[in-house]
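Structural features, examined
Each chain is listed here by its residues.
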Amino acid sequence: MPRPPGADVPPRCEVPHFAPVRVRGGLLHPGRLARHRRRAVAVGLAVTAAALVAAGPRDTDRSRGHPGGPASARASSSPAGDRPVRTRRAAEKVTAPVRIADAAAVRLLRPGDRVDVIAAGETATGGGARVVARGARVTEVPEPPEGAGDGGALVVLSVPRSTAAGLVGASATARLAVTLW
């Protein structure tokens, strides 16, 4: 015979009294969430730095742009003797002697100074001034020879190869001046 609904429910028992349950770390407050993110980012950066150090170049593997490795040792040895052969790249710096129109301005220069070289066109033809070389490093300031007139003074600059060609062309057609950085 079928039983009435609810007859198979166990009898009531009393639940003992207990203090409320408090869950730690339930909802994260904005400050706590930001602190955890900062820690995660810091740990990630530390792991990345350690991986980069571990995977960095070794003494035996200098082919990653470091001079002195096996590849550059073969390229720099010369069969003519123990003088190494220098390979030049297009963007490599070259030294260029330049005659500056104002000899007094050249006397202010010292090796290691950085200068801009400006070509001033002839005022009769309406030519303006233009910058020929920016940030050229002064490598040498030779002493003028005895009895030199007011033909300017020589200065040796270290510039990229393409800029050196522009300096030579400008010195043939214009008076050159320098501005010290």
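Just so you know, these numbers come straight off a predicted model, no measurement behind them. (Residues numbered from 1 in each chain as written. Predicted model: local features only at pLDDT ≥ 70, side-chain atom pairs only at ≥ 80, totals over all residues. Heavy atoms only, no water.)

**Some points on the overall build of the protein chain**
Along the backbone of the protein chain there are four helices and five strands. Overall, the protein chain shows an N-to-C arrangement of helices and strands of α-α-β-α-β-β-β-α-β. The burial tally for the protein chain puts 18% of its 181 residues in the buried class. Taking as baseline every contact in the protein chain between residues at least 6 positions apart, the subset at least 24 positions apart corresponds to 60%. (Helix = DSSP H or I, 4+ residues; strand = E, 2+ residues; numbered from the N terminus. Buried < 20%, exposed > 50% of the residue type's maximum accessible area, 1.4 Å probe, protein only. Contact = heavy atoms within 4.5 Å.)

**What about helix α4 (residues 161–173)?**
Along α4, the residues classified as buried are T163, A164, L167 and A170. All buried residues of α4 fall inside an arc of 130° around its axis, so they share one side. Among the exposed residues of α4, those pointing more than 90 degrees away from its buried face are S162, A165, V168, A172 and T173. Where α4 is buried, its residues meet β1 (93–100), β2 (114–120), β3 (129–140), β4 (153–160) and β5 (175–180). (Arc of directions from axis to C-beta.)

**Thoughts on the sheet that holds β1**
On the basis of which strands lie adjacent, the open sheet formed by five strands has the order β1-β4-β3-β2-β5 and antiparallel pairing. Each edge of the sheet is formed by a strand with only one pairing partner; in this case those strands are β1 and β5. Strand-to-strand twist in this sheet, taken as the mean axis angle between neighbours without regard to direction, amounts to 45°. With six bridges connecting them, β2 and β5 associate as antiparallel partners. (Pairing = 2+ DSSP bridges. Axes fitted to C-alpha atoms, helices over the stretch in contact; angles between N-to-C directions.)

**Overview of the pairing of β1**
Judged by which residues are buried, β1 turns out to be one-sided: V94, A96, V98 and I100 face inward and are buried, whereas K93, T95, P97 and R99, on the alternate face, are not. Pairing of β1 with β4, which is carried by eight bridges, proceeds in the antiparallel orientation. Looking at β4, one finds that P97 is bridged to V156.

**What to know about the environment of A170**
Relative to the assigned elements, A170 resides in helix α4. For A170 and V131, which are 39 residues apart along the polypeptide, the C-alpha to C-alpha distance reads 9.9 Å.

**Digging into the side chain of D116**
Within the secondary structure, D116 is located in strand β2. Of the side chains with opposite charge, R134 lies nearest to the buried D116, which makes no salt bridge, at 4.6 Å. There is a polar contact of 2.9 Å between the side chain of D116 and the backbone nitrogen of G135. When near neighbours in sequence (up to four residues on either side) are disregarded, D116 contacts A133, R134, G135, A177, V178, T179 and W181. (Lys, Arg positive; Asp, Glu negative; His and termini not counted. Salt bridge = Lys/Arg side-chain N within 4 Å of Asp/Glu carboxyl O. Polar contact = N/O pair within 3.5 Å; in protein donor to acceptor, adjacent residues only side chain to side chain.)

**Looking at a nonpolar patch on the surface**
On the surface, a cluster of nonpolar side chains totalling about 480 Å² of accessible area is made up of V15, F18, V21 and V23. By the element assignment, V15 lies in the segment before α1 (30–54). (Patch = residues over 30% accessible without salt bridge, like charges linked within 9 Å, V, L, I, M, F, W, Y side chains within 5 Å. Areas by Shrake-Rupley, 256 points an atom, 1.4 Å probe, with all protein chains shown as cover.)

**Here's the deal with the confidence of the model for the protein chain**
When pLDDT is low, close inspection of the predicted coordinates is not appropriate. Per-residue confidence for the protein chain gives a mean pLDDT of 76; residues scoring 70 or more make up 69%. With pLDDT under 50 throughout, residues 62–66 is counted as low confidence; its partners more than four residues away or in other chains account for eight contacts. (pLDDT = per-residue confidence, 0-100.)

**Describing the nonpolar core**
Across soluble globular proteins, nonpolar side chains show a tendency to be buried alongside one another. In terms of nonpolar packing, the biggest core is built from 23 residues, with V115, V117, V155, L157 and L167 touching the most fellow members. Listing elements by their share of this core, those giving two or more residues are β1, β2, β3, β4, α4 and β5. Excluding anything up to four places from it in sequence, V155 contacts A96, P97, V98, I100, V106, L109, V138, E140, V141 and P142. (Core = buried A, V, L, I, M, F, W, Y, C linked by side-chain atoms within 4.5 Å.)

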